[in-house]
Each structure stands twice: as structure tokens, then as C-alpha cells.
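Listed below, chain by chain, are the residues.
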Amino acid sequence: MTGVDVVVCGAGAGGLAAAQALGRLGLAVLVLDRRAAPAEVAKGELLQPESVRILDEWSALPALRAGGAVAVDRLAIRDPAGTMLLPLDYTDLPGEYHQILCTEYPNLLRALADGLAPTVEVRRPALVEGALRDEQGRINGVRVVEAGRQRDIRARLVIAADGMSSRLRKAAGIPMRRQQYEHRLLAFEVPAAPADAEVCAYLTDRGLRLVYPLPGGRSRLYVQVRPEELRDGTMADLTGWCDRLLSEMPALGPLAGPLRASLSRRQTLTICRLRTPQLSAPGLALVGEAAHAVHPMAAQGINSSLADAQALGTLIGALDDTGPTTLDRALRDYQRIRLRRLDHTATVSHNAARMLTTTTGPARMLGRRMMRHTAANQRLLRLTAGNLSGVDLHPLSAVDRLYQLGLLTDRRANATPSHPARNGGEPK
């Protein structure tokens with residue numbers, strides 16, 4: 001039986017971020033992942049300014065930029081012809097960070113892994129089967145299988161960063177609330193750059209089409225589809241399906257040829273809202289998708305994972321000692337602070353998703369109305385950009401919602417928000 005200060009289960013972005021944050025404190029951290037190599041998946045590609053700030057603190061930005069990360073300063077909603085409907089300009093954000101970085105998930109993982117402290121070890125493949133407990137029931141390690149051999153590893157702190165189906169979360173008895181969106185997303189890696197250097201969501205009668213640049217002059221395209229389209233033969237003729245998509249979306253014309261060339265390499269993504277009512281148990285902290293997931297439209301998932309890790313590292317770094325009692329107090333503080341922030345993130349993400357993905361009924365009409373009134377209100381545009389970016393949090397009030405619906409006239413529509421900037425702070 002061996003022992004370390006911290007065991008992290010999962011070497012995705014959340015797990016490596018936790019290893020970054022805790023390794024910087026001088027703790028001996030062991031990261032275990034069941035995969036021999038990271039999965040190639042279309043996720044974690046949009047780093048909001050809050051994440052850029054965190055990665056800068058960890059000195060990871062040079063590696064990201066060396067991997068070709070593309071900086072953009074606007075998130076836009078356009079109609080199918082490309083006409084602007086709602087611009088979110090990040091250049092007016094307070095503080096030093098005013099851009100989204102668009103990169104590939106493996107590039108982010110490399111940037112995090114390359115900067116790990118010497119006290120951090122990453123081992124693959126290693127399957128964590130469950131949690132170990134002491135006589136009082138506190139989690140104090142994991143049971144792992146490596147090279148066909150089972151062994152126990154003791155640790156003062158265990159981090160569950162093992163994804164939506166987290167074994168450690170289940171072992172701790174922490175429930176997960178799961179709500180699946182009715183639509184799916186097809187993800188395409190298009191070997192051509194988009195016309196505009198922005199993250200662009202196109203509002204269509206068939207739902208969301210999202211485009212943004214990737215390193216190497218490429219693009220990511222997400223296309224919303226109904227589940228039955230994947231089952232009833234609608235997509236059996238991919239070329240015909242693509243032709244219909246392009247005919248409905250004149251703005252995608254410059255990407256037509258490269259998109260056709262990339263059809264066979266698509267990924268199909270099932271989209272869920274996931275949330276745990278708690279982020280910790282004695283000896284255990286949940287990080288990233290082991291605890292939460294949101295719709296990718298608002299680009300908040302990977303950013304929440306990095307913020308989890310930073311918050312946990314900050315709280316543990318402030319401790320006078322890292323004994324079990326003191327650590328568990330820090331874990332309770334982590335849960336209290338992060339749950340409040342994740343409530344805000346879940347609301348922002350779901351509202352953005354509903355506005356752009358609902359295709360029928362009163363909800364569609366309501367979403368269009370809210371978008372139209374938001375676009376005409378500079379104050380609401382700035383507040384929305386601050387909430388999405390993560391560097392200037394100010395949840396919209398009930399009165400702001402009435403302004404979005406056009407039920408009240410906002411006399412401050414062209415005024416600068418008076419709330420103080422809270423870089424990386426928590427919503428009030």
C-alpha cells in the first residue's frame with residue numbers, strides 16, 4: 001500500500017487543473033486515468049476570459065499560444081444570411097482579460113500537463129475502482145487496477161474528476177441530477193477558417209448552428225439536429241443533408257467545400273444538464289463533469305472545471321495544516337462557494353441554450369423577443385458579456401428580465417453598469 005497527499009481520478013481538463021492548483025502548493029499529487037491516451041473529442045475548445053486569467057496565473061498561456069490558440073473578442077448571434085442580431089463585445093470588460101481563446105481540447109491538456117509541478121505524477125492507464133475509507137468513514141484513498149494488478153493508494157485528499165459517470169461520486173453516495181436536452185449536436189472539424197474571427201451562433205428555424213475558429217486555419221461547426229434525424233434515414237445521404245443545410249444557411253457558403261470534405265469525420269453529441277447537490281464529502285472533492293455539465297452554447301463547461309480547481313487550490317493553500325479535520329473544513333467551504341457560482345452558471349447557460357435551440361411554440365417566440373430587446377439595450381449587453389466571460393458577474397434581476405421581455409422601458413439602457421468589477425468573483 002502506497003500513499004500520497006492527493007489522488008486525482010481523471011486526467012481530463014478538470015483533473016489536470018486540480019493537479020496544477022494543488023501541485024503548486026508543494027503537495028505530492030498522483031493523477032490516475034483509465035485511458036492510455038486522451039480521447040479526441042470536440043469539447044473544451046472555448047476558453048472564456050475567466051479561464052484565460054486562471055491559465056495565465058498558472059503560466060500555461062505560452063503553451064496554449066504555441067499550440068495555435070486563436071483569440072477572438074466577440075460572441076455574436078446572427079441570422080442565416082449573416083446579419084448581426086446580437087453582438088457581445090468583450091473589449092469593454094473590466095480588468096486585463098478581454099478575449100476568448102479558441103483551441104483544441106488536446107492543446108489545453110498539453111498546456112496543463114506541461115506546467116505541472118515536479119511533485120505531480122500522471123499515470124495511465126489506471127482504473128480507479130472505488131474509494132477507501134478509514135474507521136470513521138472518511139474517504140482516505142482509492143483502489144486502483146494497473147497492469148492487471150489491484151492495489152490500494154492512501155491519500156489525505158481524493159479528487160473525483162472522472163467525468164459524468166464518476167465512480168468516486170457514486171462511491172461517496174452523492175446523487176446526480178441529469179436532464180437531457182431533446183436535441184443532439186453534430187460536431188464537424190472544417191479545414192477552413194470562418195469568415196469572421198468570432199464565436200458565432202446562427203439563429204435558424206431548425207435550431208442552433210455554432211461556428212468558431214480553431215488553430216491551423218480550421219473551424220468548428222456544431223449543427224443542432226433532432227434525435228429522429230439520426231434514426232430515420234434523414235442523414236443516410238450526407239451529401240444531400242449538407243446541401244440542404246447550406247441552402248438554409250447562406251452565411252456558411254465560404255465553408256461549403258471544406259465542410260463537404262469533413263462530413264465523414266463528424267461526432268454526435270448527446271447534450272445534458274448535470275448537477276450534484278453537493279461537491280464534497282469528508283476526504284473527497286468533486287471537480288468538473290463529475291459534478292456539473294451545461295449546454296455547450298454558452299461555453300461555460302470547461303471554464304467551470306478550471307474555476308473549480310482554482311477555488312479548491314486557493315482554499316487549501318490558505319490552510320495552516322492539511323490534516324483531515326482542517327481539510328474537510330476547506331472542502332465544506334469549497335462546496336458552499338462553488339455551488340453558488342455554479343447555480344449562476346447553470347442559469348446563464350440554460351437561458352442561452354433555450355434562446356437559440358428552441359424551434360417551436362411559445363418558448364421560441366419568447367426567446368426571440370428576449371433576444372431582440374437585449375440587443376437594443378447596451379446595459380444588458382454589457383451585463384450579459386460580463387456574466388458569460390466570468391470576469392464581471394452580475395446576475396440579471398427580475399426587473400432586467402422584464403426589460404428583456406419589453407414589458408418595461410429601461411431608462412438606463414445606454415448607461416454604464418454601476419456594479420463593481422469582481423474579477424473571478426462570486427455572484428452576489
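Quick caveat: nothing in here was measured; it's all calculated off a predicted structure.

**Describing the nonpolar core**
- Residues Val-29, Leu-32, Leu-47, Leu-55, Leu-64, Ile-159 and Leu-284 are the most contacted members of the largest nonpolar core, which totals 72 residues.
- The leading source of residues in this core is helix 8 (residues 301–317), at eight residues.
- Val-29 has contacts with Val-6, Val-8, Ala-19, Leu-22, Gly-23, Thr-119, Val-120 and Glu-121, leaving out every residue within four places of it along the chain.
- Residues Leu-75, Leu-214, Ala-298 and Val-391 belong to the second largest nonpolar core, which totals 39 residues.

**Thoughts on the confidence of the model for the chain**
- Across the chain, the average pLDDT comes to 92, with 97% of residues at or above 70.
- Low pLDDT (under 50) marks residues 419–428, which in the prediction has 32 contacts with non-local residues, meaning those over four places away or in another chain.

**Here we look at the sheet that holds strand 14 (residues 207–214)**
- Within the open sheet, the eight strands sit side by side as 6-5-13-14-15-12-16-19. Their pairing is mixed. The outermost strands of the open sheet, each flanked by one partner alone, are strand 6 (84–89) and strand 19 (292–293).
- Bridge analysis of strand 5 (residues 74–78) against strand 6 gives five bridges, and the strand direction is antiparallel. Its bridge partner lying in strand 6, Leu-75 is registered against Leu-88.

**Considering a nonpolar patch on the surface**
- A contiguous nonpolar surface patch, about 320 Å² in accessible area, is contributed by Val-399, Leu-402, Leu-407 and Leu-408.
- Among the residues examined, Leu-407 registers a relative accessible area of 55% and is labelled exposed.

**Regarding the UniProt feature "domain: FAD-binding" (unreviewed entry) in the chain**
- What UniProt calls "domain: FAD-binding" (unreviewed entry) maps, in this numbering, to residues 4–325.
- Measuring from the first to the last C-alpha atom of residues 4–325 gives 17 Å, for a span that is 24% helix and 35% strand.

**A look at a positive patch on the surface**
- On the surface, Arg-34, Arg-35, Arg-167 and Lys-170 cluster together into a positively charged patch.
- Accessibility expressed as a relative area gives 37% for Arg-35, which makes it partly exposed.

**Here we look at the packing of aromatic side chains**
- Under the defined criterion, the tally for this structure stands at two aromatic pairs.
- Consider the rings of Tyr-212 and Tyr-222, whose centres lie 6.3 Å apart with planes at 50°: the pair is tilted. Residue Tyr-212 is located in strand 14, and its partner Tyr-222 is located in strand 15 (residues 218–225); the two are separated by 10 residues in the primary sequence. The pair formed by Tyr-212 and Tyr-222 is uniform in burial state, with each residue classed as buried.

**Focus: helix 10 (residues 361–375)**
- Its 15 residues give helix 10 an end-to-end C-alpha distance of 22 Å, which sits within 8% of 21 Å, the value for a rise of 1.5 Å per residue.
- Looking at helix 10, one finds that the buried residues are Gly-367, Arg-368, Met-370, Met-371 and Thr-374. One side of helix 10 holds all its buried residues, which, seen down the axis, span an arc of 165°. In helix 10, the exposed positions angled more than 90 degrees off the buried face are occupied by Pro-362, Met-365 and Arg-372.

Basis of the calculations
- Residues numbered from 1 in each chain as written.
- Predicted model: local features only at pLDDT ≥ 70, side-chain atom pairs only at ≥ 80, totals over all residues.
- Heavy atoms only, no water.
- Core = buried A, V, L, I, M, F, W, Y, C linked by side-chain atoms within 4.5 Å.
- Buried < 20%, exposed > 50% of the residue type's maximum accessible area, 1.4 Å probe, protein only.
- Helix = DSSP H or I, 4+ residues; strand = E, 2+ residues; numbered from the N terminus.
- Contact = heavy atoms within 4.5 Å.
- pLDDT = per-residue confidence, 0-100.
- Pairing = 2+ DSSP bridges.
- Patch = residues over 30% accessible without salt bridge, like charges linked within 9 Å, V, L, I, M, F, W, Y side chains within 5 Å.
- Areas by Shrake-Rupley, 256 points an atom, 1.4 Å probe, with all protein chains shown as cover.
- Salt bridge = Lys/Arg side-chain N within 4 Å of Asp/Glu carboxyl O.
- UniProt positions renumbered as here; feature names shortened; annotations may be inferred.
- Lys, Arg positive; Asp, Glu negative; His and termini not counted.
- Charge placed at Lys NZ, Arg CZ, Asp CG, Glu CD.
- Phe/Tyr/Trp six-rings, centres within 6.5 Å; stacked < 30°, edge-to-face > 60°.
- Expected span 1.5 Å × (residues − 1).
- Arc of directions from axis to C-beta.

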